[in-house]
Amino acid sequence: MKLRGTILFLAGALAALGAGWLGFPRVIYRTQAQPVDFSHKIHAEKAGSKCDDCHAFRADGSFAGVPTLDKCSSCHAAAMGDTAAEKRFIEQYVTPQREPAWLVYARQPENVYFSHATHVKRANLKCERCHGDQGSAAAPRILVENRISGYSLDLLSMDACIACHREQHKENSCLDCHK
Amino acid sequence: MKNTRRDIFKFAGGAAAGALLTPVPWRLIKDSSLWSENWPGIPRPARGEIRSKTTNCALCPAGCPLRARCVGDQPVALTGAGCAFGVAAHHLPYHPARLRQGPVEQAKAALAKRTPSEPIAVLDLNPGRTASWTFRRAMAALDGTYISPDPNPIAYDLHSVRTVLSVGAPLLEGWGTPANVLAAREKFYLVHAGAVETPTAMLADEWIRAEGLPDPLPRRLLENGPSLAVGDAPGVAELNRKLGAPVYARPEAPVPDAWKKQAAPVTALDAVPARGLRFLLIDESSAVTYIPWHLIEPKLASDAVVITFAVSRGGYARHATYALPAPVFPEITEDIPAAIDQTTQVFRLAAPLVPPPPAVVNASELVAALADIPAAAALRERADFIHMQSPAHPTPDAFWQALVDGYIWRGSPSLPAQSSPTQPRPAHDLPLTAVPAPWTPALLSPLMTKLYEESNLRLPPNAVALNPRDAAALPSRAVLQTLHGKCTVRVVPDASVPPGIVLAGSSPGIRDICTHGDGAKVVLA
Amino acid sequence: MTRYGMTIDVDRCTGCGACMVACAVENNIPPAHEGATDRTGLTWIRVFKVGQAFVPMLCQQCGEETPCVSVCPQKAVEVDPATGIVGQMPERCLGCRYCMAACPYHARYFNWHDPAWPPGMEKTLNPDVAPRMRGVVEKCNFCHGRWHAAKQQAVAEGRDPAHVEYTPACVEACPTKAIRFGDLATLPKPPGSVRLLESLGTEPKIYYRSSKVDLRAGKEPSRG
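Keep in mind that this is a model prediction, so the values were computed, not measured.

Enquirer: How do you make sense of the overall build of chain C when you look at a structure like this?
Expert: Each helix and strand in chain C was counted, giving five helices and nine strands. Helices and strands appear in chain C in the N-to-C order β-α-β-β-α-β-β-α-β-β-α-α-β-β. Taken against the 2.2 N^0.38 rule, which gives 17 Å for 224 residues, the C-alpha radius of gyration of chain C at 17 Å falls within 12% of a compact globule. Once local pairs closer than 6 in sequence are excluded, the contacts in chain C between residues at least 24 apart make up 67%.

Enquirer: Just to check I follow, could you spell out the overall build of chain A for this structure?
Expert: Summing up its helical and strand segments, chain A has eight helices and two strands in all. For chain A, the spread of C-alpha atoms along the principal axes amounts to about 75 × 45 × 25 Å. Residue pairs in contact within chain A that sit at least 24 positions apart in sequence constitute 71% of those at least 6 positions apart.

Enquirer: It is not clear to me how the interface of chain B and chain C should be interpreted in this structure. Could you clarify?
Expert: Frequently, the measure chosen for interface size is the accessible area removed from exposure when the parts meet. The partner chain C presents 46 residues to the 49 residues of chain B that form the contact. Of all the secondary-structure elements, those providing two or more residues to the side of chain B that touches chain C are β3 (74-79), α3 (84-87), α6 (178-185), α7 (199-203) and α15 (449-452) of chain B. When its residues are assigned to classes, the side of chain B that touches chain C shows 29 nonpolar, 12 polar and eight charged.

Enquirer: I would appreciate a short explanation of unusual backbone geometry in the present structure.
Expert: Negative phi values dominate among residues other than glycine, just as trans dominates among peptide bonds. Cis geometry is found at the peptide bond from Gly 225 of chain B to Pro 226 of chain B, where omega equals -10°. As for its position among the elements, Pro 226 of chain B is in the loop between α8 (219-223) and β10 (227-230). Note that the residue after Phe 329 of chain B, namely Pro 330 of chain B, is joined by a cis bond; omega there is 0°. Positioned with a positive phi, Gln 97 of chain A is a non-glycine residue whose angle comes to about 55°. Within the secondary structure layout, Gln 97 of chain A lies in the loop between α5 (84-94) and α6 (116-122). Since 9 C-beta atoms lie within 10 Å of it, Gln 97 of chain A is described here as exposed. One non-glycine residue with positive phi stands out, namely Asp 143 of chain B, at about 60°. Here Asp 143 of chain B is to be found in the loop between α5 (130-142) and β5 (145-147).

Enquirer: Explanation requested: the confidence of the model for chain C in the structure shown.
Expert: Segments scoring low in pLDDT should not have their predicted coordinates read at a detailed level. Scored by pLDDT, chain C comes out at a mean of 92, with 96% of its residues at no less than 70. Of the two predicted TM-score estimates for the complex, the pTM is 0.92 and the ipTM is 0.91.

Enquirer: Looking at this structure, I do not really get the nonpolar core. What am I missing?
Expert: The tendency in soluble globular proteins is for nonpolar side chains to be buried side by side. The biggest cluster of nonpolar side chains holds 219 residues, and the ones touching the most others in it are Val 464 of chain B together with Val 21 of chain C. In terms of residue count, helix α1 (residues 18-26) of chain C provides more of this core than any other element does, eight residues in total. Leu 8, Phe 9 and Ala 13 of chain A together with Phe 11 of chain B belong to the second-largest nonpolar core, a separate cluster that totals five residues.

Enquirer: I would appreciate a short explanation of the interface of chain A and chain C in the present structure.
Expert: Counting residues at the interface gives 18 residues for chain A, matched by 19 residues for chain C. When grouped by side-chain class, the residues that make up the side of chain A that touches chain C number five nonpolar, eight polar and five charged.

Enquirer: Would you take a moment to explain the sheet that holds strand β13 (residues 277-283) of chain B for this structure?
Expert: Strand pairing in a sheet relies on backbone hydrogen bonds, with the paired strands running either antiparallel or parallel. Spatially, the six strands line up as an open sheet ordered β12-β5-β4-β13-β14-β15 (chain B), and their pairing is parallel. Because the sheet does not close on itself, it has two edges, and the strands there are β12 (266-267) and β15 (322-325) of chain B.

Enquirer: It is not clear to me how the packing of α5 of chain B against helix α12 (residues 363-370) of chain B should be interpreted in this structure. Could you clarify?
Expert: When two helices pack together, their arrangement is captured by the angle between the axes and the distance separating the axes. All names here are of chain B. Close contact between α5 and α12 brings their axes to 9 Å; oriented N to C, the two are set at 20°. It follows from the interaxial angle that α5 and α12 lie roughly parallel. By crossing handedness, the relation of α5 to α12 is classed as left-handed. Here Ala 131, Thr 134, Phe 135, Ala 138 and Leu 142 of α5 lie close against α12, whose contacting residues are Ala 363, Ser 364, Val 367, Ala 368 and Leu 370.

Enquirer: Sorry, what's going on with α12 of chain B here?
Expert: The periodicity of an α-helix, 3.6 residues per turn, causes residues three or four positions apart to be oriented the same way. All names here are of chain B. Here α12 lies mainly inside the structure; six of its eight residues are buried. For α12, the set of buried residues is Ala 363, Ser 364, Leu 366, Val 367, Ala 368 and Leu 370. The inward-facing, buried residues of α12 abut α4 (104-112), β4 (120-124), α5, β13 and β14 (300-310).

Enquirer: It is not clear to me how the sheet that holds strand β8 (residues 179-183) of chain C should be interpreted in this structure. Could you clarify?
Expert: Residues and elements named next belong to chain C. On the basis of which strands lie adjacent, the open sheet formed by three strands has the order β8-β1-β9 and mixed pairing. Since the sheet does not close on itself, it has two edges, and those belong to β8 and β9 (206-209), each with one partner. When strand polarity is set aside, the average angle formed by the axes of neighbouring strands in this sheet is 20°. In terms of strand pairing, strand β1 (residues 4-9) meets β8 through five bridges, oriented antiparallel. In the sheet register, Ile 8 faces β8, and the bridge partner there is Ile 179.

Enquirer: What is the right way to look at the pairing of strand β7 (residues 163-167) of chain B in this model?
Expert: Consecutive side chains of a regular strand alternate in pointing toward one face of the sheet and then the other. Residues and elements named next belong to chain B. Most of β7 is tucked away, with five of its five residues classed as buried. Of the pairings in the sheet, the one linking β7 to strand β8 (residues 189-193) comprises five bridges and is parallel in character. Bridge pairing in β8 places Leu 165 opposite Val 191. As for the winding sense of the linkage, the β-α-β connection from β7 through α6 to β8 is right-handed.

Enquirer: Can you walk me through the environment of Val 479 of chain B in this structure?
Expert: Along the polypeptide, Val 479 of chain B turns up in strand β22 (residues 477-482). With residues near it in sequence (within four places) discarded, Val 479 of chain B still touches Lys 486, Cys 487, Thr 488, Val 523 and Ala 525 of chain B.

Basis of the calculations
Residues numbered from 1 in each chain as written. Chains lettered and ligands numbered in written order. Predicted model: local features only at pLDDT ≥ 70, side-chain atom pairs only at ≥ 80, totals over all residues. Helix = DSSP H or I, 4+ residues; strand = E, 2+ residues; numbered from the N terminus. Rg over C-alpha atoms; globule rule 2.2 N^0.38 Å. Contact = placed C-beta atoms within 7 Å. Nonpolar A, V, L, I, M, F, W, Y, C, P; charged D, E, K, R; others polar. Buried ≥ 20, exposed ≤ 12 C-beta atoms within 10 Å, placed from the backbone. pLDDT = per-residue confidence, 0-100. Core = buried A, V, L, I, M, F, W, Y, C linked by C-beta atoms within 7 Å. Pairing = 2+ DSSP bridges. Axes fitted to C-alpha atoms, helices over the stretch in contact; angles between N-to-C directions. Parallel < 35°, antiparallel > 145°, perpendicular 65-115°, else oblique. Left-handed = near helix turned anticlockwise from the far one by under 90°. Right-handed = clockwise from strand over helix to strand, strands pointing away.

Quick look at the structure:
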């Protein structure tokens, strides 16, 4: 009788562990695909683009992030290759002049102030340090987003920021990075 | 073997213990706290490229040069304004009291039914604009009357005087062109006459605590010339004549000769015959003054049609047959007339920063259409005319572009004025004397509540301030009563208001019934 | 690093309120809620009429024994050791309002409501400052958004971001130049300047000058 109770207890624990470790991550995250089948790899290899050809700084030091359609259509006014993805992109976005609703993997919440200029121009960090190696990806990654908080899985957490700042002895005050 | 209740509890207990070893509870705590940091329902500011645009403020004739900070095309901040109103002028298009819809078609139909013999008039509450000339041309064509609140506007030169007497004028509270007044203030000795402790009284070199022209006159005024008296109290114009003060006719930028030839004369409201108007069009869209309704009402025929071009329901819209929605600053291109302290001709534009809502109508264009005169390009026509007279830019197009970007054209100085004497004020036997708060634009940014609701810096528009002695028996809500009517107001006790004076807020309801020096009483509601 | 400070010439203040409105525009402070009063309103800078003078009051950025820092159970308030600016972190604040009780200047304000703007007006919010939620305390932080922007501009131009000059919104809006702002070490302090409640020993960084009212003495505002 005693043994049966232990087995039931362990069965319950096992079921919870299974659900918590295997089922829960599937439930709490939702995935979204980029609207355009964009390949960083092709742009880097065939067109010889560098990160800052498209992801540029403005004169005031702010970072423009994902380029607007103007930038795309300056090359893709007509098809340059023969891929189906490019043809679809031109048909759906370039010709009707519709801005693609790009998904951003690293969108920080509203209360965070982050200056790309300080990190890239002053601290000479490589883009890959925080964004991973996007440049060699052949297909856009799927955006994995938390259903409750709405944060992307790729979003750098404050712990990650603090760890690096602590190493560099650059930790000053909360309002250095919050607005 | 049968499952018992105890077995279920054992299983559940195991599940609970197991769950603690999974990410579930910890993740839920963290995610919900992250969710609460980005509280839903709190608006997110738009992101985008920060751009800068320059223009001029059209809220009052000061026309302060503004720099607008824009996210994309949306202005988010204005700098360069000389007052609290201009700093937040980019909020006006979104004001909850903004008039956005109106019976435009009905008003047009009513105007179309007018026969040429029926008297029509335009009351222009911001005279001296290009739109004012359009009104005058249209009234000439329709045989109508163009009414201006001040047919002979004057201008004061503050820079050439050593003593200034302010007779109740809000000289340091946004009067004239604030930047110009403050620059001149360094050089003149200021005497302020007024019962209420206004900012001007507090900052003046000498303060005479009585309403009206002081008697005897302050010695500095007579001995430390050249001197100037400022204000619209009776006797100020005569005093200026006696002092030989630098009073000029209000300068106006050059006007195409063709317009002058076919423009209706500027008429004062007093000169309009009683019950003489069948149609009255009021342009209060950029009003810089307010005429109490009890002065307008006697001029209307019994079946008069009153059409007002308004930005809110607060002004003449309360009395009009049709209240039509008009554009606010910064929605249209408009020129700004000269201010009371500008003695040289100026021509400057307020360029639009945001598009107007679809239903708004432009008063000058509607009136011009009645008379079949082209008005849409009137500003450009005048700019080209000015360019022809004094070419400061290589081409008319370059001149126009510079104007749109905030360039201020300056012309020749104006001539000494022939001022008209002011009317004496009627005597009264009411216990209090009204002193209205300085004029404010009809529509103010919702943030102005910082000044009068969330702090005590300014008197709220619908309030009156009384000496605590006069306010002693009154509740916080009472009725302000004058010879012209009554209005429910909030009563604010204020030790800086002397007994016997009621400092009245600037809401249209109060302005309709009380002007400076009127007799008043505040009674229980 | 530059330590920032401010001087206020009370004799020049005309009480126009442009600083209060410009501050609200800059820092995304919503218009008054239904029934808001001078006790429940949000005005990071507030101009008081005291005797025959107008005195702008804002967070005095106490540098030593900062009262709000020492009482905060959440470490939501801190003095930036580099700039000397007292920062308030709305994300950490739990809304106990100890700091409001502790502040000798009454320069802290509580969000009794979620911020609300009239429809359409949220388009005019400043992207450099995050709106705060209900239940947190907020106060002046010398226009931190502008400080961020100035540092970023310095980096873009290859200058040292540790020593930047910038202008807070109230300073920029003041038509009479009564408020001045800059490096505390080099900012000219008019003769006769005092810091409010200096005897508390909190080393505030705002210097007032007035020839009309004795700013060392406690005074009641005249209206209300």
